[in-house]
Amino acid sequence: MANNINLQVYHGVEATVNAYIFSDDQSIILVDCLRNSNEASKLAAQIKEMGKPLTHLFITHGHPDHYTGMNVIKNEFPDVRIVVNAPEIKADIINFSTWMESVGWLEGEPALKPKTDANPDGFDYEGNISILKRGKLILAEGAEIEAFSNYEPTECEHLTTLYSADLKAFFSNDFVYNGVHPWLAIDKQNIENWKNQLLEFANVLEKDLTIYPGHGKPADITVFEKQLKYINDFEATVAAAKSREEAMQKMQELYPDYTQADFLLVYSVNAFVAE
Ligand SMILES: [Zn+2]
């Protein structure tokens, strides 16, 4: 018999990023926490209404659209444990926040500035984030969610996927952006790794799983091939384009319904097409 486990999907607005709320009758686990503190406050209010303790905030990877809400969640739920699946992911988060502060990206989220000797009131990433034991998140009544992060560098240096046998669900993290332009401002080798991993998911995973992406709506197993096609189209488009404008236009013609053209697609195109 399946264990007791419920899932709520919280679709964030900024970056069309998702947070996932797992619960049983006695506990809640949150996966990722949105791109800004304002949206994270709404997410926290929804969790409070459930009337059960939030035991863990699990961060899938070191990109700020998945962890910027961390300070809000920590303040609203002082007993929560913030966890990642590997020390490398903790390092990615610290490195990204340190870089963001250096270029002024944290002026709108000052509480996320890293704690240092010069800024003793900053966020204590080192002390607040711990490493998940045995690669499993476990709800109070026993349902398990398995975490995997032994992947080659792709959309991020280290991503984490999750699997729940009880829910027949695979959480593909940022290997999949469904109906959302993906972040492709990455090395060519990372793009190759990404395509290979998508093929493996398509071939290896059970066909009847629901796939919950890092960005965009849930889908079925065909979403991996859809993502692969997008990446191939992107590579062909930026290789042929004579200008950034031409590449932007072509990708939006091919994917007219996709969100984040003005943010994620701009960065991806600019990384590959000279001005
Ligand atoms: Zn993301």
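Rules used throughout
Throughout this document, residue positions are counted from 1 along each chain, in the order its sequence is written. The model is predicted, so local features are restricted to residues of pLDDT at least 70 and side-chain atom pairs to those at 80 or more, both for listing and for counting; the totals for chains, interfaces and linings are taken over all residues. Only hydrogens and water are set aside; all other atoms, that is, all heavy atoms of the structure, feed into the side-chain values. UniProt positions are given in the numbering used here, feature names are shortened, and annotations may be inferred rather than shown by experiment. Secondary structure elements are taken from DSSP: a helix is a run of H or I of four residues or more, a strand is a run of E of two residues or more, and numbering for both begins at the N terminus. Note on contacts: a residue pair is in contact if any heavy atoms of the two residues lie within 4.5 Å. In the analysis that follows, any N or O atom pair within 3.5 Å is treated as a polar contact, provided that within protein one partner can donate a hydrogen and the other can accept it, and provided that, for residues neighboring in sequence, both atoms belong to side chains. Working convention: axes come from line fits to C-alpha atoms, limited for helices to the stretch in contact. Angles between N-to-C directions cover 0 to 180 degrees. Reported orientations rely on four angle classes, namely roughly parallel under 35 degrees, roughly antiparallel over 145, roughly perpendicular from 65 to 115, and oblique for the rest. Put simply, a crossing is left-handed when the front helix is turned counterclockwise from the back one by less than a right angle, and right-handed when it is turned clockwise. Three residue categories are used. Nonpolar comprises Ala, Val, Leu, Ile, Met, Phe, Trp, Tyr, Cys and Pro, charged comprises Asp, Glu, Lys and Arg, and polar comprises the others, including Gly.

By the naming in an unreviewed UniProt entry, the protein goes by MBL fold metallo-hydrolase and is assigned to Mucilaginibacter calamicampi. On record in UniProt, under Sequence similarities (unreviewed entry), the comment for the protein is "Belongs to the metallo-beta-lactamase superfamily. Class-B beta-lactamase family."

Engineer: Even after reading the chapter, I still don't get the environment of Thr 60, so can you show me in this structure?
Structural biologist: Along the polypeptide, Thr 60 turns up in the loop between strand 4 (54-58) and helix 2 (64-67). Here the alpha-carbon distance between Thr 60 and Glu 152, two residues 92 residues apart in the chain, equals 15 Å. Setting aside chain neighbours within four positions, we find Thr 60 in contact with Val 31, Asp 32, His 66, Ile 89, His 158, Leu 159, Thr 160 and Asn 173. A distance of 2.7 Å separates a polar atom in the side chain of Thr 60 from a polar atom in the side chain of Asp 32. Within the structure, the side chain of Thr 60 is placed 2.9 Å from the side chain of His 61, a separation counted as a polar contact.

Engineer: When you look at the packing of helix 8 (residues 244-254) against helix 9 (residues 261-272) in this model, what are you seeing that I'm missing?
Structural biologist: For any two helices packed against each other, the geometry comes down to the angle between their axes and how far apart the axes lie. One can describe the packing of helix 8 onto helix 9 by two numbers: an axis separation of 10 Å at closest approach and a directional angle of 130 degrees. One way to sum up the angle between helix 8 and helix 9 is to call them oblique. Both helix 8 and helix 9 take part in a crossing whose hand is right-handed. Of helix 9, the residues touching helix 8 (which contributes Arg 244, Ala 247, Met 248, Met 251 and Gln 252) are Ala 261, Leu 265, Val 266, Val 269 and Asn 270. Class assignment of the residues belonging to the contact of helix 8 with helix 9 gives a composition of seven nonpolar, two polar and one charged.

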